[in-house]
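Residue-level structure breakdown
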Amino acid sequence: MQYENTNKEQSNLSDVAQDIQKFKKYIRTEKKGDERPKVVVMGRSNVGKSTFVKAVTGENVRVGKKPGVTLKITEYDMGTYLLVDLPGFGYMEGIEKKAQEKIKDQIIKYVEDNKSTIATSILILDAKALIEIIDRWDQKGEIPIDLEMADFLEELSLNPIFVINKMDKIKNSEWDAHLDRVSEKLGFLPPWRQWLDILVPAILRDNYGIDGIKHRINRHIQAFKKLKSQ
Ligand SMILES: Nc1nc2c(ncn2[C@@H]2O[C@H](COP(=O)(O)OP(=O)(O)OP(=O)(O)O)[C@@H](O)[C@H]2O)c(=O)[nH]1
Ligand SMILES: [Mg+2]
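Owing to the predicted nature of the structure, the values given are computational and were not obtained by experimental measurement. Each chain has its residues counted from 1, following the order in which its sequence is written. As a convention, the first chain written is A and the first ligand written is 1, with the rest following in written order. Local features in a predicted model are, by the rule used here, given only for residues with pLDDT of at least 70; side-chain atom pairs are given and counted only at 80 or more, and totals for whole chains, interfaces and linings are based on all residues.

**Observations concerning the overall build of the chain**
When you go through the chain residue by residue, the secondary structure sums to seven helices and six strands. Reading the helices (α) and strands (β) of the chain from amino to carboxyl end gives α-β-α-β-β-α-β-α-α-β-α-β-α. Neighbour density around each residue's C-beta defines its exposure: 20 or more other C-beta atoms within 10 Å make it buried, 12 or fewer make it exposed, and counts between make it partly exposed, where C-beta atoms are placed from the backbone. Every one of the 230 residues in the chain was classed for burial, and the buried ones make up 35%. Two residues qualify as being in contact provided that their C-beta atoms, derived from the backbone, are within 7 Å of each other. Excluding contacts between residues fewer than 6 apart, the proportion of contacts in the chain whose partners are at least 24 apart in sequence is 70%. Under the DSSP-based scheme used, a helix requires at least four consecutive residues in state H or I and a strand at least two consecutive residues in state E, with every element numbered from the N terminus.

This is the structure:
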């Protein structure tokens, strides 16, 4: 029996190594000397990060139904800034749990390493799943990864903009109440409309909310440049 266990462990380990290798192979590091401000796009797998990047850049970014589509860090040249599409945190289809943890570590490392050039961060959240996940984790007495990410970005003073995506899953008549709940879960006292600078409801698939996010990004870029030139 001992033999079987060892064997299983070994095969698991090699799966993890392969997943990490796959991820490493794709990583594109920043060009040396490019000091332009960065805007990082973060969020759990499948929340719509690439949908957002695709809409903003007009590039043919791959989006997909399964979590774990984006496995590389890609920087898009937006002229005055670089928009960075990151892999998702948490569950990814076909990727071992240990490899998911490694990917999360790499994302955190990327953000920490680049923190002095990041003008703002976009944290995309799934409007409906967020509340369900938080309630489930609360019962277990644990902090869900979305809130962990929100805290991380705030602690590093990366001026997060929270995009509450997939609002098409919420009935129109319930938008305000739902956004108040999201706001409260994120630690912002409702009503959510007090926080319009940082909370943006969106249906990224239909381009709803994109202009508002772009506007906020530009404001952050201007403020960042002003700060750096002082
Ligand atoms: N219902 C709904 N679906 C959306 C919306 N935005 C994106 N999606 C869908 O969500 C799925 C995931 O989108 P992606 O943009 O690939 O998500 P991602 O966060 O980049 O995912 P990973 O790369 O796997 O981390 C796709 O099927 C999208 O079409 C939205 O506003 N509403
Ligand atoms: Mg993606």
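**Here's the deal with helix 5 (residues 145–155)**
Regarding helix 5, the residues found buried are Asp146, Met149, Ala150 and Leu153. Viewed end-on, helix 5 has its buried residues packed into an arc of 100°, placing them on one side of the element. Structurally, helix 5 contributes buried residues whose contacts are with strand 1 (38–43), strand 4 (118–126), helix 4 (127–140) and strand 5 (160–165). By construction, the arc corresponds to the directions joining the helix axis to the C-beta atoms.

**Some points on the sheet that holds strand 5**
If you trace the six strands from one edge of the open sheet to the other, you get 2-3-1-4-5-6, paired in mixed fashion. The sheet is open, and its two borders are formed by strand 2 (74–77) and strand 6 (199–201), each paired with just one other strand. Ignoring strand direction, the axes of neighbouring strands in this sheet form an average angle of 25°. At least two bridges found by DSSP between two strands are what make those strands a pair. Pairing between strand 1 and strand 3 (residues 82–85): four bridges, direction parallel. Axis definition: a line fit to C-alpha positions, over the contact stretch in the case of helices; interaxial angles, taken between N-to-C directions, run 0 to 180 degrees.

**Looking at the nonpolar core**
In this structure, Val41, Ile122, Leu123, Leu125, Val163 and Ile164 are the most contacted members of the largest nonpolar core, which totals 44 residues. The greatest single-element share of this core, amounting to six residues, is contributed by strand 4. Each residue touching Ile164, except ones within four places of it in the same chain, is listed here: Leu125, Ala127, Leu179, Val182, Leu199, Val200, Pro201 and Ala202. We define the nonpolar core as any set of buried residues of the types Ala, Val, Leu, Ile, Met, Phe, Trp, Tyr and Cys, connected via C-beta atoms lying within 7 Å of each other.

**Describing helix 2 (residues 49–57)**
The element helix 2 is largely enclosed, with a buried count of seven among its nine residues. Those residues of helix 2 that are buried are in contact with strand 1, strand 2, strand 3, strand 4 and helix 7 (210–229). One or two steps after helix 2, the chain reaches Gly58, where phi turns positive at roughly 75°.

**Description of unusual backbone geometry**
Of the consecutive residues Pro190 and Pro191, the connecting peptide bond is found in the cis state with omega at 5°. Considering the arrangement of structural elements, one finds Pro191 in the loop between helix 6 (175–185) and strand 6. Non-glycine residue Ser157 carries a positive phi angle of around 55°. Relative to the elements of secondary structure, Ser157 occurs in the loop between helix 5 and strand 5. Phi at Lys166 takes a positive value of approximately 60°, unusual for a residue other than glycine. Along the chain, the position of Lys166 falls in the loop between strand 5 and helix 6.

**Comments concerning the packing of helix 4 against helix 6**
Across the interface, helix 4 lies against helix 6 with an axial gap of 10 Å and an inter-helix angle of 50°. Classified by the angle between their axes, helix 4 and helix 6 sit oblique to one another. You can see that helix 4 and helix 6 cross each other, and the crossing is left-handed. Contacts between helix 4 and helix 6 involve Ala127, Leu130, Ile131 and Ile134 from the former and His178, Arg181, Val182 and Lys185 from the latter. Under the scheme applied here, ten amino acids are nonpolar (Ala, Val, Leu, Ile, Met, Phe, Trp, Tyr, Cys and Pro), four are charged (Asp, Glu, Lys and Arg), and all others, including Gly, are polar. Here the contact of helix 4 with helix 6 is composed, by residue class, of five nonpolar, one polar and two charged. Should an angle fall under 35 degrees it is called roughly parallel, over 145 degrees roughly antiparallel, and 65 to 115 degrees roughly perpendicular, with every other angle called oblique. The hand of a helix crossing depends on one turn: near helix anticlockwise from the far one by less than a right angle means left-handed, and clockwise means right-handed.

**A short note on the confidence of the model for the chain**
In low-pLDDT regions, the fine details of the predicted coordinates are not to be read closely. The pLDDT value expresses, per residue, how confident the predictor is, ranging between 0 and 100. Here the chain averages 84 in pLDDT, while 81% of its residues score no lower than 70. A low-confidence stretch, residues 1–11 (pLDDT under 50), is modelled with zero contacts involving residues beyond four sequence positions or located in other chains. Low pLDDT, under 50, characterises residues 24–30; the predicted model gives this stretch nine contacts beyond four residues in sequence or across chains. Model confidence for the complex is summarised by a pTM of 0.85, with the ipTM given as 0.98.

**Comments concerning the pairing of strand 4**
Extensive coverage of strand 4 is indicated by the burial of nine of its nine residues. Examined bridge by bridge, strand 1 and strand 4 share six bridges and lie parallel to one another. Bridge pairing in strand 4 places Val40 opposite Ser121.

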